[in-house]
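Here are the chains, one letter per residue:
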Amino acid sequence: MVEYRIDRHSGVATYVQIVQQTKQALRLGLLEPGDKLPTAREVVEATAINPNTVLKAYRELEREGLVEARRGLGTFVRRTLGTAPADSPLHGELDTWAAKAREAGMAREDVAALFTAVLEKHFQGDSS
């Protein structure tokens, strides 16, 4: 099950953070079709956010066809995204690279900027 982490200082709306984290879990294969998302109550208890915020995020995911709400049962994954499982060799290489960047004293924002620049170079014009 996915565990949401809310960064109140990121400037990103809380419901958007839930949507993004769910999509990331779908891309990494951490969530698969049929898996149940945490209930709004569980998310509220873990993150101290408003239940309507959780419901808004889940409605957005449902609108995108990624999850479906089943009355009285919960919200379930309908389909997955991407093909980059968390146990991929590329994941391990990226993890090693990130650790080296941190050891070199790079700030998180600098690492993100560098990674984004490399992505732009290799995936120019590719929206996937």
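The protein has the name GntR family transcriptional regulator in an unreviewed UniProt entry, where Streptomyces plumbiresistens is given as its organism.

Observations concerning the packing of helix α1 (residues 14–27) against helix α3 (residues 51–63)
The contact between α1 and α3 brings their axes to 8 Å, and the two run at 45 degrees. In this view, α1 runs oblique relative to α3, as classed from their interaxial angle. Once α1 is placed against α3, the crossing between them reads as right-handed. Between α1 and α3, the contacting residues are Thr-14, Tyr-15, Ile-18, Val-19, Thr-22 and Lys-23 on the first element and Thr-53, Val-54, Lys-56, Ala-57, Tyr-58, Glu-60 and Leu-61 on the second.

Some thoughts on the pairing of strand β2 (residues 74–77)
When strand β1 (residues 67–70) meets β2, the two strands line up antiparallel, connected through 4 bridges. Bridging from a neighbouring strand, Glu-68 pairs with Phe-76 of β2. Between the end of β1 and the start of β2, which pair antiparallel, lie 3 residues, with Gly-72 showing a positive phi angle near 80 degrees.

Thoughts on the UniProt feature "domain: HTH gntR-type" (unreviewed entry) in the protein
Mapped onto the present numbering, the UniProt feature "domain: HTH gntR-type" (unreviewed entry) falls at residues 12–80. Helix makes up 51% of residues 12–80 and strand 12%, with an end-to-end C-alpha separation of 23 Å.

Some remarks on the side chain of Thr-22
Tracing the backbone shows Thr-22 in helix α1. A polar side-chain atom of Thr-22 sits 2.7 Å from a polar atom in the side chain of Tyr-4. A distance of 2.8 Å separates a polar side-chain atom of Thr-22 from the backbone oxygen of Ile-18. Excluding anything up to four places from it in sequence, Thr-22 contacts Tyr-4, Leu-31, Leu-37 and Leu-61.

A closer look at the packing of helix α2 (residues 40–47) against α3
Viewed as axis vectors pointing N to C, α2 and α3 meet at an angle of 125 degrees, and their least axial separation amounts to 9 Å. In terms of orientation, α2 and α3 fall into the oblique class. Handedness of the α2/α3 crossing: right-handed. Contacts between α2 and α3 involve Ala-40, Val-43 and Val-44 on the former and, on the latter, Pro-51, Val-54, Leu-55 and Tyr-58.

Considerations on the pattern of salt bridges
Summed over the entire model, instances satisfying the criterion amount to 3 salt bridges. Where Glu-64 meets Lys-23, a salt bridge forms, and the shortest distance between an N and an O atom there is 2.7 Å. Here the residue Glu-64 occupies a position in the loop between α3 and β1, and Lys-23 occupies one in helix α1, the gap between them amounting to 41 residues. Given the relative accessible area of 27%, Glu-64 is considered partly exposed.

What counts as what
- Each chain carries its own residue numbering, running from 1 in the written order of its sequence.
- Local features in a predicted model are, by the rule used here, given only for residues with pLDDT of at least 70; side-chain atom pairs are given and counted only at 80 or more, and totals for whole chains, interfaces and linings are based on all residues.
- Excluded from the side-chain calculation are hydrogens and water; included are all heavy atoms of the structure.
- All axes are obtained by fitting lines to C-alpha atoms, using only the stretch in contact for helices, and the reported angles, taken between N-to-C directions, cover 0 to 180 degrees.
- Numbering goes from the N terminus for both helices and strands, where a helix is a DSSP run of H or I of at least four residues and a strand is a run of E of at least two.
- Angle categories: roughly parallel below 35 degrees, roughly antiparallel above 145, roughly perpendicular from 65 to 115, and oblique for all the rest.
- By convention, the crossing between two helices is left-handed when the near helix turns anticlockwise from the far helix through less than a right angle, and right-handed when the turn is clockwise.
- Any two residues having at least one pair of non-hydrogen atoms within 4.5 Å are treated as being in contact.
- The pairing criterion is simple: DSSP has to find at least two bridges between the two strands.
- UniProt positions are given in the numbering used here, feature names are shortened, and annotations may be inferred rather than shown by experiment.
- We define a polar contact as two N or O atoms separated by no more than 3.5 Å, with the added condition that, inside protein, one atom must be a possible hydrogen donor and the other a possible acceptor, whereas residues neighbouring each other in sequence contribute only through side-chain atom pairs.
- Salt bridge, as used here, is a side-chain nitrogen of Lys or Arg placed within 4 Å of a carboxyl oxygen of Asp or Glu.
- Summary of the burial criterion: residues with accessible area below 20% of their type's maximum are buried, those above 50% are exposed, and those between are partly exposed, where the area comes from a 1.4 Å probe applied to protein chains only.

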